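An overview of the molecular structure
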Amino acid sequence: MVTKKLRLTSKRDIILILGVQDSNLRNLEHKTGADIFVRHDSHSEAVELTIRGSTSKVDKTILLIQKTLDKYHKEIFPKKISTDKPIQDGVIYHRQNGINVKPRGLTQTKYASSLFDYDMTVSIGPAGTGKTFLAVAAALRCLELNIVERIILTRPIVEAGEKLGFLPGDIYEKVHPYLKPLYDAFQNLLGPDRFRSLRQDGIIEIIPLAYMRGRTLENAYILLDEAQNTLPEQMKMFLTRMGLNSKMAITGDITQIDLVNKKDSGLVELVKIFKNTKEIKIISFTHLDVVRHHLVKKIIQIYEKWEAKKTK
């Protein structure tokens, strides 16, 4: 009789191996003859499997689990890129339709590099500068290269007062209208069917910021969008969710703060507190970096001048 332990840290792997109400584990026990016990780690969301039986039964069980995981991982991104470099020939992400995602301009190039080189990247700037889109592309590239095992999308839901319990539907239906820009970016890069599949498998998780308290997020690329609408205490809570082998991308526009008191923005405070922290990269965009319609640059510039006059 021998005992071996196996730790699963990825949510997608846990769902795949355990199944609904541990049904897959029970089938595995029946197939191999080994006994499998499950222990959930409430802090890290990981699962530890204890496998007991004869040496041959335990080894067979571990081998079947590993084969199942290997097969599934290959199916996630069947067209893997041969290189392990995150950015090759200026390309951040290779779409399945053959159209590649590349940064435009110097600021976007610096931003794209920081999304891979730093564990935490903060981008601030007006709409249309590619902050969210490039962060999504980088997250998918990291998933593709197995740098992370899942992607977590979040944002403060100021419009609903964070009280989603009063809204109809499940969590996806509740947050869908508020996270639509993120969905658009993923669907643009993956296509709606593939995005839906990764979301259903738990590889892409969508969660309001208010629901993240108490979690530790390991092996994940975590994207906080519309960060200008976080309160300081929310921002601190979010930053401290970061677990082992994870990356964070934080995006926002401090000219579009929807809080009652604009001085309470957690993003504004973050920049002040961490501006000299070498491990955190802060990228600032201006109207010159806008990549939408040429009028958008002019609109933003005119607004900046108008608002500057109002404050005098």
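This report concerns the structure included in the present document. Everything numeric in this text was worked out from a predicted model, so none of it was measured. (Residues numbered from 1 in each chain as written. Predicted model: local features only at pLDDT ≥ 70, side-chain atom pairs only at ≥ 80, totals over all residues. Heavy atoms only, no water.)

Things to note about the environment of glycine 252
We count it as follows: Put simply, DSSP marks the helices as runs of H or I at least four residues long and the strands as runs of E at least two long, and each gets a number from the N terminus on. Whether two residues are in contact is decided by their heavy atoms: any pair within 4.5 Å suffices.
Tracing the sequence through the fold places glycine 252 in strand S10 (residues 247–252). The spacing of glycine 252 and lysine 131 is 121 residues in sequence and 8.0 Å in space, taken between C-alpha atoms. Filtering out sequence-adjacent residues up to four positions away, glycine 252 remains in contact with Ser123, Ile124, Gly125, Lys131, Ala227, Gln228 and Leu267.

Some thoughts on unusual backbone geometry
Rules: Only protein chains enter the area calculation, which uses a 1.4 Å probe; residues under 20% of their type maximum are buried, those over 50% are exposed, and those in between are partly exposed.
For glutamine 21, which is not glycine, the phi torsion reads 50° and is therefore positive. Looking at the secondary structure, you find glutamine 21 in the loop between helix H1 (11–18) and helix H2 (23–32). For aspartate 22, which is not glycine, the phi dihedral falls at a positive 65°. Positionally, aspartate 22 belongs in the loop between H1 and H2. Here aspartate 22 falls in the partly exposed class, since its relative accessible area comes to 22%.

Things to note about H2
Side chains of residues three or four places apart in an α-helix project in the same direction, reflecting 3.6 residues per turn. Rule in force here: Regarding the arc, it is the one traced by the directions from the helix axis to the C-beta atoms.
Taken as a whole, H2 has its buried residues at Leu25, Leu28, Glu29 and Thr32. Taken end-on, H2 shows its buried residues confined to a sector of 100°, consistent with a single buried face. Seen from the open side of H2, the exposed residues pointing more than 90 degrees away from its buried face are His30 and Lys31. Two residues or fewer after H2 comes glycine 33, characterised by a positive phi angle close to 85°.

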